[in-house]
Amino acid sequence: MKAAIIGVTGYSGIELVRLLENHPYVNIQSIHSSSQVGALLTESYPHLVNHIVLNLEEIDTSKIAENVDVVFMATPSGISSKLAPKLIEQNIKVIDLSGDFRLQDPKVYEKWYKKEAASSEELKKAVYGLSEWNKEEIKSASFIANPGCYPTATLLGIAPLIKHNLIEENSLIIDAKSGVSGAGRHVSLGTHYAEINENFKIYKVNEHQHIPEIEQVLNRWNDNVNAITFSTHLVPMTRGIMATIYANVKSNVTAESLIELYKTSYENSPFVRIREEGNFPATKDVYGSNYCDIGVAYDNRTGRVTVVSVIDNLVKGAAGQAIQNLNIMMEIDEKTGLHRVPVFP
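What counts as what
- Residues numbered from 1 in each chain as written.
- Predicted model: local features only at pLDDT ≥ 70, side-chain atom pairs only at ≥ 80, totals over all residues.
- Heavy atoms only, no water.
- Core = buried A, V, L, I, M, F, W, Y, C linked by side-chain atoms within 4.5 Å.
- Buried < 20%, exposed > 50% of the residue type's maximum accessible area, 1.4 Å probe, protein only.
- Helix = DSSP H or I, 4+ residues; strand = E, 2+ residues; numbered from the N terminus.
- Contact = heavy atoms within 4.5 Å.
- Pairing = 2+ DSSP bridges.
- Axes fitted to C-alpha atoms, helices over the stretch in contact; angles between N-to-C directions.
- Phe/Tyr/Trp six-rings, centres within 6.5 Å; stacked < 30°, edge-to-face > 60°.
- Polar contact = N/O pair within 3.5 Å; in protein donor to acceptor, adjacent residues only side chain to side chain.
- Patch = residues over 30% accessible without salt bridge, like charges linked within 9 Å, V, L, I, M, F, W, Y side chains within 5 Å.
- Areas by Shrake-Rupley, 256 points an atom, 1.4 Å probe, with all protein chains shown as cover.
- Salt bridge = Lys/Arg side-chain N within 4 Å of Asp/Glu carboxyl O.
- Lys, Arg positive; Asp, Glu negative; His and termini not counted.
- Charge placed at Lys NZ, Arg CZ, Asp CG, Glu CD.
- Arc of directions from axis to C-beta.
- Right-handed = clockwise from strand over helix to strand, strands pointing away.
- Disulfide = S-S within 2.5 Å.

Draft legend 1. How the structure looks around the nonpolar core. The biggest cluster of nonpolar side chains holds 44 residues, and the ones touching the most others in it are Leu 172, Leu 218, Ile 228, Ile 294 and Val 305. For this core, the elements supplying multiple residues, two or more each, are α8 (149–163), β8 (173–178), α10 (211–221), β11 (241–248), α11 (255–265), β12 (272–274), β13 (292–299) and β14 (304–311). The element contributing the most residues to this core is α8, with nine residues. Filtering out sequence-adjacent residues up to four positions away, Leu 218 remains in contact with Leu 155, Ile 158, Ile 162, Leu 172, Val 225 and Ile 228. Counting residues in hydrophobic clusters, the runner-up holds 39 residues, among them Ala 141, Ile 144, Val 286 and Leu 338.

Listed below in structure tokens is the structure:
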């Protein structure tokens, strides 16, 4: 397939380049940006010298559609809602990494993202691309709303508990931490080196835009789920997300039975790895990879389950899952171009 990447100069866009360069069935035909038109991508990213020699092109959806089969949208929120429908009209497959098509209610999107939403008609065309749990819909889709990074880690961690009705729905608490690359490449005071180095801070308390996305999916799985407590923290590291999930169980369980449930739930999911009892993942364990590693514990004293879920926010949380979804759409091995050992240390 011939692919175009719109928004290639951001971290998710450049991660798409890195991963697609090793994909045997995809050729990067063109790269596009609203800035730096005409410049070589290697001017901004010298690490790509000898790997990709392409100039940044303007974003012209008609011209793009004439030359490619699939378009990856790695744009900030509020942009793909205008561009993606034009590509869909021309029968181009679209995988959108922004948040513009994840929420099905336009009013909810506008409340949390503070931007104008796509129309309800356009929103209904998008299939939510949580690869491990929505595979059948993805197979027949031509338009994918790629999940957010925090929702990916959180939903993969929660899914077996919610789907098997094992926890009190109103007891869910998600305590999540992210590396600084999650904020993108733009410069801001909040991600300035002197501000974040040797520092650890909470942000967007009770107002993170990924809250309604997580709630929407959980409610599809179990309509007793209403509001959740979801807190996000910025950690002085480049990549990685750790979501630590707490919930009260409804009935007697053991750590052993919970781990077995998770292993069964993900036995056909090559990118989800479940730890043995007493073993918990760290963000370095998945660095640079499309893996989600999960550890599970149960406290008899409190009747509470703890799930630790880690991903690389730029791979499984963005570009890697987008390519995994493309593989599923193409009906090829979902590991294609992605089956690589994490970088360590």
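On we go from here.
Draft legend 2. Inspection of the sheet that holds strand β3 (residues 56–57) at higher detail. Taking strand neighbours across the sheet as the criterion, the seven strands line up as β3-β2-β1-β4-β5-β7-β6 in an open arrangement whose pairing is parallel. The open sheet has two edge strands with one neighbour each: β3 and β6 (127–128). Note that strand β4 (residues 70–73) and strand β5 (residues 93–96) share four bridges and pair parallel. The residue bridging Phe 72 from the neighbouring strand is Ile 95, located in β5. The sheet strands contacting helix α1 (residues 11–20) are β1 (2–6), β2 (27–32) and β4, and the helix crosses β1 at an angle near 160°.

Draft legend 3. Highlighting the packing of aromatic side chains. Scanning the model with the defined rule gives six aromatic pairs in all. For the ring pair Phe 101 and Phe 143, a centre distance of 4.8 Å and an interplane angle of 70° mean the geometry is edge-to-face. Pair noted here: Phe 101 is in the loop between β5 and α5 (106–113) and Phe 143 is in strand β7 (residues 143–145), with a separation of 42 residues, a long-range link. Judged by relative accessible area, which is 1%, Phe 101 ranks as buried. Taking the centre distance of 5.6 Å and the plane angle of 75° together, the rings of Trp 133 and Tyr 266 count as edge-to-face. Residue Trp 133 is found in the loop between β6 and α7 (135–139), and its partner Tyr 266 is found in the loop between α11 and β12; the two are separated by 133 residues along the sequence. Here Tyr 266 falls in the buried class, since its relative accessible area comes to 3%.

Draft legend 4. Quick peek at the side chain of Lys 316. When you line up the elements, Lys 316 lands in helix α12 (residues 315–330). A distance of 2.9 Å separates polar atoms of two side chains, one belonging to Lys 316 and the other to Glu 132. Here Gln 324 takes part through its side chain, which lies 2.8 Å from a polar atom of the side chain of Lys 316. Sequence-distant contacts of Lys 316, that is, excluding residues within four places in its chain, are made with Ser 131, Glu 132, Thr 152, Leu 156, Ser 289, Asn 290, Tyr 291, Ile 311, Gln 321 and Gln 324.

Draft legend 5. The arrangement of a negative patch on the surface in detail. Together, Glu 256, Glu 260, Glu 267 and Glu 277 make up a region of like negative charge exposed at the surface. Here Glu 260 shows up in helix α11.

Draft legend 6. Spatial organisation of the sheet that holds β11. Spatially, β9-β10-β8-β11-β14-β13-β12 is the arrangement adopted by the seven strands of the open sheet, whose pairing is mixed. The sheet is open, and its two edges are formed by β9 (201–203) and β12, each paired on a single side. Strand-to-strand, the axes of this sheet are offset by a mean angle of 25°, without reference to chain direction. Judged from the eight bridges that link them, β11 and β14 form a sheet pairing that is antiparallel. Residue Ile 241 lies in a different strand from β14, and its bridge partner there is Ile 311. Seen against the sheet, α11 touches β12, β13 and β14 and runs at an angle of roughly 155° to β13.

Draft legend 7. Expanded view of the environment of His 164. Relative to the helices and strands, His 164 is located in the loop between α8 and β8. With relative accessibility at 43%, the residue His 164 sits in the partly exposed group. Spatially, the C-alpha atom of His 164 lies 9.5 Å from that of Trp 221, the residues being 57 residues apart in sequence. The residues touching His 164, leaving out its near neighbours within four places in the chain, are Leu 261 and Ser 265.

Draft legend 8. Highlighting α11. Every buried residue of α11 is listed here: Ala 255, Leu 258, Ile 259, Leu 261 and Tyr 262. The arc enclosing the buried residues of α11, seen along the axis, measures out at 155°, which places them on a common side.

Draft legend 9. A look at the pairing of β2. Where β1 meets β2, five bridges bridge the pair, whose relative direction is parallel. The residue bridging Lys 2 from the neighbouring strand is Asn 27, located in β2. Assessed by its sense of winding, the connection that carries the chain from β1 through α1 to β2 is right-handed. When β2 meets β3, the two strands line up parallel, connected through two bridges. Its bridge partner lying in β3, His 32 is registered against Glu 57.

Draft legend 10. Region of the structure containing the side chain of Glu 15. Mapped onto the elements, Glu 15 comes out in helix α1. For Glu 15, a relative accessible area of 3% corresponds to the buried category. Those residues in contact with Glu 15 that sit more than four places away from it in its chain are Arg 239, Leu 314, Val 315 and Ala 319.

Draft legend 11. Region of interest: the state of the cysteines. For the structure on display, the rule yields zero disulfides. Residue Cys 149 stays outside any disulfide, its sulfur separated by 12 Å from that of Cys 292, the closest cysteine.

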